[in-house]
Amino acid sequence: MKTTNRQLQKKQTKEALLRTAYEVFSERGIMNTRMSDIAQAAGVSHGTVFAHFQTQEMLITKVVETYGGKIALRTHELAGSCEHMKEILSAHLAGIMEFEPFYTRLVIENRLLAPAARDVWVSVQSSISFHFSQVAGREIQSGRSINLPTHLLFNIWVGLVHYYLANGDLFAPEGNVIKRYGETLVENYMKLIQTDHRTRGRQG
Amino acid sequence: MKTCISCGMPMTKPSDYPLADESKDYCIYCARPDGSMQSYPEKLEGTTEFLIRTQGLDKEAAHQIAIRTLSKLPAWKGKENNIE
Ligand SMILES: [Zn+2]
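Residues numbered from 1 in each chain as written. Chains lettered and ligands numbered in written order. Predicted model: local features only at pLDDT ≥ 70, side-chain atom pairs only at ≥ 80, totals over all residues. Heavy atoms only, no water.

### Examining the layout of surface pockets
- Considering only enclosed or pocket space, the largest pocket measures out at about 1200 Å³ in volume.
- Around the largest pocket sit 40 residues that line it, and A:Ser123, B:Cys7, B:Gly8, B:Met9 and B:Thr69 are the ones nearest its centre.
- Going through the elements one at a time, helix H4 (56-79) and helix H7 (115-141) of chain A together with helix H1 (40-55) and helix H2 (59-70) of chain B are the ones with two or more residues in the lining of the largest pocket.
- The residue makeup of the lining of the largest pocket, split by class, is 19 nonpolar, 14 polar and seven charged. (1 Å grid on protein atoms, 1.4 Å probe; cavity = no way out; pocket = protein on both sides within 12 Å on 5 of 7 lines; lining within 4 Å. Points joined across faces, edges and corners; volume = space filled by probe spheres on them. Helix = DSSP H or I, 4+ residues; strand = E, 2+ residues; numbered from the N terminus. Nonpolar A, V, L, I, M, F, W, Y, C, P; charged D, E, K, R; others polar.)

Structure follows, in structure tokens:
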């Protein structure tokens, strides 16, 4: 089964290149990186990279699809079992934290990417907005949350988180925005949207 | 782990399936109340509505994203032709 072996090897090389590209993008930025930087980091020739991804855009799209998919899946796993808003916010941040350098690049650069990669960005947001909207609906219904349209509750939250990530060099030069500010952002967002302060005080 | 052929959602527990039927290849959110799978027009409208309701996107922008995103899923391959 020569063909199968060759196909397997090709698949493994491709996956290794995607992994390297993910790491280089995380570190130096997506649009800033050339195909030759990835070849060099992976220890292969330019030709090898081009054999797997014909253009820079195809490579970027594939990396964003692969790792965006992983982020979305992880977010879905973490947020799926959350009952309350505070839990879902923490789960959202826990998911981001596992991919923070790359996620931050997407926050900054997603608008510049090709439509296919930009669509992945929306899918990543959908993986959290799906669970967020369900929980928000319940919390508004039960009077625990102020009654704003779901998308505004969501956008106020992601706007806050993404602002800190986009400007991470100013907020956390050491490179760990979520670790340093995550809890503070959750606590204060909850203060903004909660209605029943006395109950919250008793619950600690 | 199966993922829904119609929307891509991972299906990990019985309640993710229509009528808890784990033999199905599509999820509860892609099913009609009787358990059958929603048609393409139904799913396209539902996805567009979801993006507007949960993320506040512009109606036309949401519609285009929904078309492109669904076209990548096994149930709807080739459905994007009308936007090329
Ligand atoms: Zn589905």
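There is more to say, and it comes next.
### A look at the packing of aromatic side chains
All names here are of chain A.
- Under the counting rule described, the total for this entry stands at 14 aromatic pairs over all chains.
- Seen in terms of ring centroids, Tyr103 and Trp121 are 5.4 Å apart; in terms of plane orientation they differ by 50 degrees. Their pairing is tilted. In this pair, Tyr103 sits in helix H6 (residues 100-109) while Trp121 sits in helix H7, placing the two residues 18 residues apart along the sequence.
- A relative accessible area of 1% places Tyr103 in the buried class.
- A cation over an aromatic ring shows up here: Lys70 above the ring of Tyr67, its NZ or CZ 5.5 Å from the ring centre. (Phe/Tyr/Trp six-rings, centres within 6.5 Å; stacked < 30°, edge-to-face > 60°. Buried < 20%, exposed > 50% of the residue type's maximum accessible area, 1.4 Å probe, protein only. Lys NZ or Arg CZ within 6 Å of the ring centre and 35° of its normal.)

### Examining the interface of chain B and chain A
- With 16 residues of chain B in contact, the opposing surface of chain A contributes 18 residues.
- In this assembly, chain B packs against chain A so that about 1300 Å² is buried in total across both faces, 59% of it on carbon and sulfur atoms.
- Area buried by chain B at its contact with chain A is led by B:Phe50, B:Thr54 and B:Gln55, which between them contribute 35% of it.
- Counting the contacts that link chain B with chain A gives one salt bridge. (Contact = heavy atoms within 4.5 Å. Buried area = accessible area lost by both parts, 1.4 Å probe. Salt bridge = Lys/Arg side-chain N within 4 Å of Asp/Glu carboxyl O.)

### A look at the coordination of the zinc ion
Residue and element names in this part refer to chain B.
- The protein atoms donating to the zinc ion are Cys4 (SG), Cys7 (SG), Cys27 (SG) and Cys30 (SG), with metal-donor distances spanning 2.3 Å.
- Around the zinc ion, the four donor atoms sit at angles spanning 106 to 115 degrees, and that spread fits a shape best called tetrahedral.
- All donor residues of the zinc ion come from one chain, and their arrangement in sequence is C-x2-C-x19-C-x2-C.
- A residue is classified by how much of its surface remains accessible, and Cys30, at 0% relative accessible area, is buried. (Donors = N, O, S within 2.8 Å, 3.2 Å for Na, K, Ca; no water. Tetrahedral: all angles 85-135°; square planar, octahedral: opposite > 155°, others 65-115°.)

### Focus: the nonpolar core
- Counting 56 residues, the largest nonpolar core has A:Val63, A:Met85, A:Ile88, A:Leu89, A:Phe102, A:Phe132 and A:Trp157 as the members making the most contacts within it.
- For this core, the elements supplying multiple residues, two or more each, are helix H1 (2-28), helix H2 (35-42), H4, helix H5 (85-98), H6, H7, helix H8 (150-166) and helix H10 (177-193) of chain A.
- The residues that make up this core include at least three from each of domain 1 (1-54) and domain 2 (56-203) of chain A.
- Excluding its chain neighbours within four sequence positions, the residues that come into contact with A:Val63 are A:Leu18, A:Ala21, A:Tyr22, A:Phe25, A:Gly68 and A:Phe102.
- By size, the runner-up hydrophobic cluster in this structure holds 14 residues, among which are B:Cys4, B:Met9, B:Cys30 and B:Ala62. (Core = buried A, V, L, I, M, F, W, Y, C linked by side-chain atoms within 4.5 Å. Domains from an automatic or database assignment.)

### Structural notes on the domain arrangement of chain A
Residue and element names in this part refer to chain A.
- Per the domain assignment, the segments of chain A are domain 1 (1-54) and domain 2 (56-203).
- For domain 1 versus domain 2, the separation of C-alpha centres amounts to 30 Å.
- The interface of domain 1 with domain 2 comprises 17 residues on the first partner and 16 residues on the second.
- Taken together, both faces of the contact between domain 1 and domain 2 bury some 1700 Å²; the carbon and sulfur share is 74%.
- Broken down residue by residue, the surface that domain 1 buries against domain 2 is led by Tyr22, Ile30 and Met31, which jointly contribute 37%.
- One can count zero salt bridges joining domain 1 with domain 2.
- Counting across the domain 1 and domain 2 interface gives five residue pairs in polar contact (both at pLDDT 80 or more).
- Of all the secondary-structure elements, those providing two or more residues to the side of domain 1 that touches domain 2 are H1 and H2.
- Take the side of domain 1 that touches domain 2: its biggest share by element is eight residues, from H1.
- For the side of domain 1 that touches domain 2, a count of residues per class yields nine nonpolar, four polar and four charged. (Polar contact = N/O pair within 3.5 Å; in protein donor to acceptor, adjacent residues only side chain to side chain.)

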